Amino acid sequence: MYKKKIYGLIVLIGIVSCLIGVITRFNVVGADANDASHSKIKAGASNDPGELNIEVDDKNLEVQGEELLNNAPESAADEDGDDGDDSDDGDDGDDDWDNVYKHKPSPPPLRALGMVFRGGFILQPLENMYVRQSRSITMKSKFIESIWDRLSGVLLLRDQTPNYRWYYSTDKENWTMIAKESKREGKKKTYLYKAKKVGTYYYQVRASSGALLNLFRIPYYSRVSAVHVIQKDVDAEDFKVTLDDDYIYNMDNLDNVTFARENVTPHNATGNVTWSGDNEKLAKVDKITGEIVGNTRGLSGDVRVTGVFTNSGNGIKSDTKVLRVGGGLDDQTVQAGETATFELFGVNKKELPEKYWIEWHDKTHKEDIVLEKEQNFKLKIEPTGLKDDKRKIYAKVIVKDPIKDKEHSFKTRVANLWVLSAGEPNIEIKSKIENESYTESNGASESIDKVLKGDKLTITSDLENISNGTVLNFAEYKLPLHTSNTKKDIISVQGSTSEGAPLKNIKYHFNDSDKKHKYLQIEDLKFEDQTKMQIVVQFKINGVHQKETFVTQPTVEGTPGVDPGEGNDDDEMFREYFSNEIIVHFINNEISITAGNISFGEISSVTEGQLLNRVNYNDKNSAVVEIDDQRRNKKEHQIKVKQESQFMDQSTKTTIPVSLRYYKSDGSFTSIDNNYSDVPKEDLNIHDNIDSVCWNKDCGVLMHIDDANIPAGSYSTVLTWTSFDVP
């Protein structure tokens, strides 16, 4: 349950029949995840005549913003947020262009190393598309802003979600905006075209980021796409997949994006392509557009991307390509005396601007040392010695924006250098984790989800000395645990040989001397030639109460042939071997509701029966309510809203004759005065664990004027948003 306050100011002077303007201020009041969501509307006196002000104060998040909207009569262009360039005059650009268009296509984006220096269409509509009469085909596009436009957009209160408008023509001279026919389809990055009549039709899409009062908006235009509607199906004989990039990054603050693209033979084949990937933890693949977005949690690996072309007539064709996801650098293992080479991945040299630098760093010790700053994508350490073992290398990539002449940079992951000497042991560690308390956790793996307080977890590490003829004595297995774990949480610790026999005299202890890091340690292990063993640790989770991610990495450390208790101080002989990372995603097993800030604006007068719309949350890209369902065993739930009381002036205790109604797209409504109203499914967007409530204009919560006799004053009410399980 989530509570929300909304405030409004009504000042009525004279008999004025028009709505003057709107000034809105917002704040959200946070609440416990188990509480319902509330909204409160408050009105206060205004010094300016003829204004009605609705203000929302948030005492918790302290998020405030202002909007000034003009309530002039809406034309078709105004309704769609257009900037006045949508007349049907055909070509409004350069007459020398070799194609006729709604607007001259914008230059392509300028990208390099995960950074965008000039915005544009990263995915263009196909130049030619073929569809059989009476069938449908999807046109695809994707616009991306430059890094500088994003920064300036924040300062200008601009919506970061791109705004799309599709246009079509039958003669490449007269153009019509699709939003006039189908608002929902005409505002997406994709457009589902339904072929009705044989012929050729032309489409162009415009994209921009929405801005306050439509100011500061920079429009971009795609190339023109010709859609050929034919009478008979043409089946694909061959289908191949290509990837724009073979490597994308897994880091924050970068555009970890590439695209899968189809190549169909013959070119006029009729059908549709769908896309999929085999590992959503590494990268998510948009099934319609082929857009591939890498994770930002540092997870690395390969993703198999598959495209399937479904013929309109009969049969399918498919193809698969492999995409690497990583942090830019890989660990290197060499024998002493060999050359170690670190190479920067994710580089398309054809896309690089003239001015860039790769700054190679060594942060093995406390100080961070710059090794070189050149245009070198490889760093060589030669020849290596034992002193180079466990060096930590990373690269800082610096690029000067050729458009803005400004610098932008990012850092790769820190890669390890392992140097082995002849006759030295090499311990390989492979670890996995399993939730014994959750039967639907899909068994043991490197990552588990939906972990709750009280669950029993088991980490299994398989250890092997893969170096022939070597021995590691007096070794220690170390398992980092969550900071909330205590010694009482350890249920069991077991060890066994490759034949399944238990390890003799296994010793372990719980090390919590450092409150920021806690470990379970097993001592006096011995790895002889080709020794294999398994360590199994079972423990309980007791101290985690919120959604978070925990990463642990078991290690084995020791000194070849030397007893560390005999006073040997030779640090060069010390060795440490690392397992793969284990990732645990905790949830709180609760539903939390967060409500946005609703405003009804400023007005000078009202009439009885008048219906007032909101000045915000009037499109499907903006969520007024978000419901984060962190329950492990999810049930279908229904979102409801109601108005708790009448609008009242808190100082005079005067109420005003207005009411709130919840309107559906078909024009029907439900009064929410002391009654819960269901939020219809058409207003819900579902993505991963998050449900969001999004409204089109004239839908959702609107204010009805029951009686125009409204005195000036400061009025307030409360909205309650609640989630109920569906029986």
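Quick note: structure is the one above.
Here goes a summary of the coordinates provided. (Residues numbered from 1 in each chain as written. Predicted model: local features only at pLDDT ≥ 70, side-chain atom pairs only at ≥ 80, totals over all residues. Heavy atoms only, no water.)

**Here's the deal with the overall build of the protein chain**
Right, so step 1: Broken down by element type, the protein chain carries 3 helices and 57 strands.
Right, so step 2: Intrachain contacts of the protein chain at a sequence separation of at least 6 include 75% that bridge at least 24 residues.
Right, so step 3: Summing over all exposed atoms, the protein chain offers an accessible surface of approximately 35,500 Å²; the carbon and sulfur share of this is 46%. (Helix = DSSP H or I, 4+ residues; strand = E, 2+ residues; numbered from the N terminus. Contact = heavy atoms within 4.5 Å. Areas by Shrake-Rupley, 256 points an atom, 1.4 Å probe, with all protein chains shown as cover.)

**Some words on the pattern of salt bridges**
Oppositely charged side chains can form a pair if their charged atoms are brought close together.
Right, so step 1: Following the criterion strictly, the structure yields 25 salt bridges and no others.
Right, so step 2: Between Glu644 and Lys642 there is a salt bridge, and its shortest N-O distance comes to 3.9 Å.
Right, so step 3: Accessibility expressed as a relative area gives 29% for Glu644, which makes it partly exposed.
Right, so step 4: Using a relative accessible area of 17% as the deciding quantity, one classes Lys642 as buried.
Right, so step 5: Each of Arg132, Arg135 and Asp233 takes part in salt bridges that share partners, so that together they form one network. (Salt bridge = Lys/Arg side-chain N within 4 Å of Asp/Glu carboxyl O. Buried < 20%, exposed > 50% of the residue type's maximum accessible area, 1.4 Å probe, protein only.)

**Examining the sheet that holds strand 36 (residues 456-465)**
Right, so step 1: Spatially, 4 strands are ordered 34-36-41-38 in an open sheet, and the strand pairing comes out antiparallel. Only two strands of the sheet have a single partner each, and these edge strands are strand 34 (427-435) and strand 38 (490-497). Each neighbouring strand pair of the sheet contributes to a mean axis angle of 15°, computed without reference to strand direction. (Pairing = 2+ DSSP bridges. Axes fitted to C-alpha atoms, helices over the stretch in contact; angles between N-to-C directions.)

**Observations concerning the environment of Asp171**
Right, so step 1: Structurally, Asp171 is set in the loop between strand 12 (162-169) and strand 13 (176-177).
Right, so step 2: Note on Asp171: relative accessible area 34%, which makes it partly exposed.
Right, so step 3: Placed 31 residues apart in sequence, Asp171 and Tyr202 show a C-alpha to C-alpha distance of 7.7 Å.
Right, so step 4: Polar contacts involving the side chain of Asp171 include one to the side chain of Ser169, which spans 3.0 Å.
Right, so step 5: In this structure the side chain of Asp171 is engaged in a polar contact, spanning 2.9 Å, whose partner is the backbone nitrogen of Glu173. (Polar contact = N/O pair within 3.5 Å; in protein donor to acceptor, adjacent residues only side chain to side chain.)

**Digging into unusual backbone geometry**
Right, so step 1: Cis geometry is adopted by the peptide bond preceding Pro266, which originates at Thr265 and carries an omega value of 0°.
Right, so step 2: With an omega of -20°, the peptide bond between Glu382 and Pro383 qualifies as cis.
Right, so step 3: Mapping Pro383 onto the fold places it in the loop between strand 30 (378-381) and strand 31 (391-400).
Right, so step 4: The phi dihedral of Lys653 is positive, around 60°, even though this residue is not glycine.
Right, so step 5: Note on placement: Lys653 falls in the loop between strand 50 (648-649) and strand 51 (658-663).
Right, so step 6: Taking the relative accessible area as the measure of exposure, Lys653 reaches 52% and is therefore exposed.

**Points about the side chain of Thr552**
Right, so step 1: Within the fold, Thr552 resides in strand 42 (residues 548-552).
Right, so step 2: Using a relative accessible area of 3% as the deciding quantity, one classes Thr552 as buried.
Right, so step 3: Among the polar contacts listed, one links the side chain of Thr552 to the backbone oxygen of Pro480, at a separation of 2.6 Å.

**Section: the side chain of Ser141**
Right, so step 1: Turning to its location among the elements, Ser141 is positioned in the loop between strand 10 (136-140) and strand 11 (142-144).
Right, so step 2: The exposure class of Ser141 is buried, given its relative accessible area of 0%.
Right, so step 3: Polar contacts involving the side chain of Ser141 include one to the main-chain carbonyl oxygen of Lys189, which spans 2.7 Å.
Right, so step 4: For Ser141, the contacting residues outside a window of four places in its chain are Phe121, Leu123, Pro125, Tyr164, Trp166, Lys189 and Val205.

**Digging into the sheet that holds strand 39 (residues 507-514)**
Right, so step 1: Read across the sheet, 5 strands follow the order 39-40-37-43-44 without closing on themselves; strand pairing throughout is antiparallel. A single partner strand is all that each edge strand has here, and the edge strands are strand 39 and strand 44 (575-578). In this sheet, neighbouring strand axes are inclined to one another by 25° on average, regardless of whether the strands run parallel or antiparallel.
Right, so step 2: Bridge analysis of strand 43 (residues 555-558) against strand 44 gives 4 bridges, and the strand direction is antiparallel. Bridge pairing links Thr555 to Phe578 in strand 44.

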